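Analysis of the macromolecular model
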Amino acid sequence: MIPLTLRPGQVTLADLTATAGGAIPKLDATFWPKVEAAANIVADAANGKAAVYGVNTGFGKLASKRIAPADTATLQRNLILSHCCGVGDATPRRIVRLMMALKIISLGRGASGVRRIVIEQLEALLAHDICPLVPIQGSVGASGDLAPLAHMTAVMIGEGFVLTAHGPRPASEVLKAAGMAPITLGAKEGLALINGTQFSTAWALAGLIDAHNLARNALLTGALTVDAAMASTTPFRPEIQALRGHAGQIAAGHALTMLLADSQIRLSHLDGDERVQDPYCLRCQPQVMGACLDLLDSAARTLVIEANAVTDNPLVLVETGEIVSGGNFHAEPVAFAADQIALAVSEIGAITERRIATLVDPALNFGLPPFLTPEPGLNSGFMIAEVTAAALFAENKHLANPCSTDSTPTSANQEDHVSMAAHAARRLARMNDNLAQIIGIELLVAAQGIELRAPLTTSAPLARVIAQLRVRVPKLGPDRYMAPDLAAAAELVKSGRLIQTAADATAPADPFPSLT
């Protein structure tokens, strides 16, 4: 695994992507003095006479209850154990690791009042690849992701369970085997660990990373369909995109133009084509895909800010020595960002499904056989693959309904408006799985359509993509059992290998847009 130094306030999307991919994060040493200064302020408050929320009081509706200094450790332990109320499946390892790294970033800002040992315990868990079992359900996105983060914190104190190759194991056993000891939480430390948006943000970031990969794949398969349908590339001209001015549209038009530049199929119908205009799903790809790319860019900016934020409560202002209560735990920005990503994912699937439908329809596919089978009637070809794409798109359309507009008051109405950010972010994984399969179906259909245009050939990057597909999935002749073909195509799309193959063919220029 690759080490990664985290500098809170300066962490980039590339850093977060690397963390999700398995890099081992560690806090930049220059941040320790402020961390320790904040911890000293909390220690003084815990032994003082004044009531300070979360330090020497109860929590939420119980904030009026004073806690004696001798009961500080018990208070924090009870807080963690009582909040381990998550249910449902285990959160994937990739997202738990990202959540833990986000918590290191937040605590590392030196405004949470935890001791150095707390952050070092998180670093050690990541270094030893110890992944807490965090149930996916139980957060409403305020007052932070309490239940999921409590399950993460439980492992730090030797409670709860850890995900292993042999199933869940008690945290105490796993820590002992790794040569680690549980920590005892001090004043405010349990609250600092479970108060915050790191669970929702980790899910949203993972959803963003996957959605952007799929958007780039959809530009690739969209280019394949343009050639298979012998559609016009004139709508992709840069002058058209520049006259509107949206950055995503300009990038999408550029990608399509580069991917199709040297296609014999494209050149074969530049003159004498009786069609005046193509369907919107082909012609308006820069406009639709560009708008989706812009949405993803907007969400990325929000989530990178959130990843660098301090989101627990109360906060320690080292400069003034104050401990102040606020509401940074409210995950409304994350919920909005996740809803934006969901809209983009749904729309990418919508236009992709329409392109699939165009290619299998003999009234629209410009001379290709019905359902792209050489013997229609005896064979059904891609008839039901298109139906599957429609079913998946319909499911994503329902899932794209906003979560941020919902709110369910909790905690005896103390937390009377919540963000539902966890719901908004978690559903992105299911939507991205659906989208990957829709794009995979377009890959199969478009490759078949291009091969049926022989002896005319497509562009070099698209030809390489088809060749890579054919290593896994042969061209469709007579009908066969197709579910493995669809699964293999979706896996190729998710892997990012097709994008790399196409980019290698256009090197040194890269046709695919990056998140800004």
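Below you will find a few notes about this structure. (Residues numbered from 1 in each chain as written. Predicted model: local features only at pLDDT ≥ 70, side-chain atom pairs only at ≥ 80, totals over all residues. Heavy atoms only, no water.)

Broken down by element type, the protein carries 20 helices and nine strands. In terms of overall dimensions, the protein has a C-alpha envelope of 90 × 50 × 45 Å along the principal axes. A separation threshold of at least 6 residues defines the contact pool for the protein, and within that pool the share at least 24 residues apart is 79%. When the accessible surface of the protein is summed, it comes to about 20400 Å², and 58% of that surface belongs to carbon and sulfur atoms. When the 39 positive and 46 negative side-chain charges of the protein are each reduced to one mean point, those points stand 4 Å apart. (Helix = DSSP H or I, 4+ residues; strand = E, 2+ residues; numbered from the N terminus. Contact = heavy atoms within 4.5 Å. Areas by Shrake-Rupley, 256 points an atom, 1.4 Å probe, with all protein chains shown as cover. Lys, Arg positive; Asp, Glu negative; His and termini not counted. Charge placed at Lys NZ, Arg CZ, Asp CG, Glu CD.)

Overall, the coordinates contain 22 salt bridges when judged by the stated rule. Glu189 serves as the salt-bridge partner of Arg115, at 2.7 Å between the closest nitrogen and oxygen. Here Glu189 lies in helix α8 (residues 189-194) and Arg115 lies in the loop between α4 (93-108) and α5 (116-127), a separation of 74 residues in the sequence. Here Glu239 ties to Arg237 by a salt bridge, and the two come within 3.0 Å at their closest N and O atoms. The partly exposed category is assigned to Arg237, whose relative accessible area is 44%. Where salt bridges share partners, they join Glu36, Arg116 and Glu120 into one cluster. (Salt bridge = Lys/Arg side-chain N within 4 Å of Asp/Glu carboxyl O. Buried < 20%, exposed > 50% of the residue type's maximum accessible area, 1.4 Å probe, protein only.)

With 31 residues, helix α9 (residues 198-228) extends 44 Å between its outermost C-alpha atoms, agreeing within 8% with the 45 Å of an ideal straight helix rising 1.5 Å per residue. Most of α9 is tucked away, with 30 of its 31 residues classed as buried. Count one or two residues on from α9 and you reach Met230, which has phi positive near 50 degrees. (Expected span 1.5 Å × (residues − 1).)

The next point concerns the packing of aromatic side chains. Two aromatic rings, taken as a pair, are described by how far apart their centres are and by the angle between their planes. Counted under the stated rule, the structure contains one aromatic pair. Arranged with centres 6.3 Å apart and planes meeting at 70 degrees, the rings of Phe199 and Trp203 form a pair that is edge-to-face. Taken as a pair, Phe199 and Trp203 lie in helix α9 at a separation of four residues, close to a single helical turn. The buried category is assigned to Phe199, whose relative accessible area is 0%. On the basis of relative accessibility, which here comes to 7%, the residue Trp203 falls in the buried class. (Phe/Tyr/Trp six-rings, centres within 6.5 Å; stacked < 30°, edge-to-face > 60°.)

A word on the pairing of strand β1 (residues 3-6). Of the two faces of β1, only the one carrying Leu4 and Leu6 is buried; Pro3 and Thr5 on the other face are not. In this fold, β1 hands off to helix α1 (residues 13-20), which returns the chain to strand β2 (residues 24-27); that crossover is right-handed. (Right-handed = clockwise from strand over helix to strand, strands pointing away.)

In this structure, Ile341 and Phe382 are the most contacted members of the largest nonpolar core, which totals 157 residues. Look past the residues within four positions of Phe382 in its chain and what remains in contact with it is Val360, Phe371, Leu372, Leu444, Val445, Gln448, Leu476 and Met482. If you look at the next biggest cluster of nonpolar residues, it comprises nine residues, including Ala38, Val52, Val55 and Val316. (Core = buried A, V, L, I, M, F, W, Y, C linked by side-chain atoms within 4.5 Å.)

A surface patch of nonpolar side chains, about 240 Å² in accessible area, is lined by Met383, Ile384 and Val387. Within the fold, Ile384 resides in helix α16 (residues 383-399). (Patch = residues over 30% accessible without salt bridge, like charges linked within 9 Å, V, L, I, M, F, W, Y side chains within 5 Å.)

Right, let's get into empty space enclosed by the protein. Scanning the entire structure with this criterion turns up one cavity of 30 Å³ or more. Surrounding the largest cavity, Phe382, Leu444, Gln448, Arg470, Val473, Pro474, Lys475, Leu476, Arg480, Met482 and Asp485 form its lining. When the residues that make up the lining of the largest cavity are grouped by side-chain class, the tally is six nonpolar, one polar and four charged. (1 Å grid on protein atoms, 1.4 Å probe; cavity = no way out; pocket = protein on both sides within 12 Å on 5 of 7 lines; lining within 4 Å. Points joined across faces, edges and corners; volume = space filled by probe spheres on them. Nonpolar A, V, L, I, M, F, W, Y, C, P; charged D, E, K, R; others polar.)

Moving on to α16. Helix length check: α16, at 17 residues, gives a terminal C-alpha distance of 25 Å against a target of 24 Å (1.5 Å per residue), a fit within 8%. Within α16, burial applies to Ala385, Glu386, Ala389, Leu392, Phe393, Asn396 and Leu399. Angularly, the buried residues of α16 cover 135 degrees about the axis, an arc narrow enough to put them on a single face. Opposite the buried face of α16, by more than 90 degrees, sit the exposed residues Ile384 and His398. Where α16 is buried, its residues contact α15 (332-360) and α17 (421-451). (Arc of directions from axis to C-beta.)

The next point concerns the sheet that holds strand β6 (residues 161-163). Spatial ordering of the open sheet is given by β4-β6-β7, a layout of three strands whose pairing is antiparallel. Taken across any chain shown, the strands that pair with only one partner, and hence form the sheet edges, are β4 (131-132) and β7 (169-170). (Pairing = 2+ DSSP bridges.)

It is worth spelling out the environment of Ile194 at this point. Here Ile194 is to be found in helix α8. Sequence-wise, Ile194 and Leu378 are 184 residues apart; in three dimensions their C-alpha atoms are separated by 61 Å. Those residues in contact with Ile194 that sit more than four places away from it in its chain are Leu79, Ile80, His83, Asp145, Leu146, Leu149, Ala150 and Thr153.

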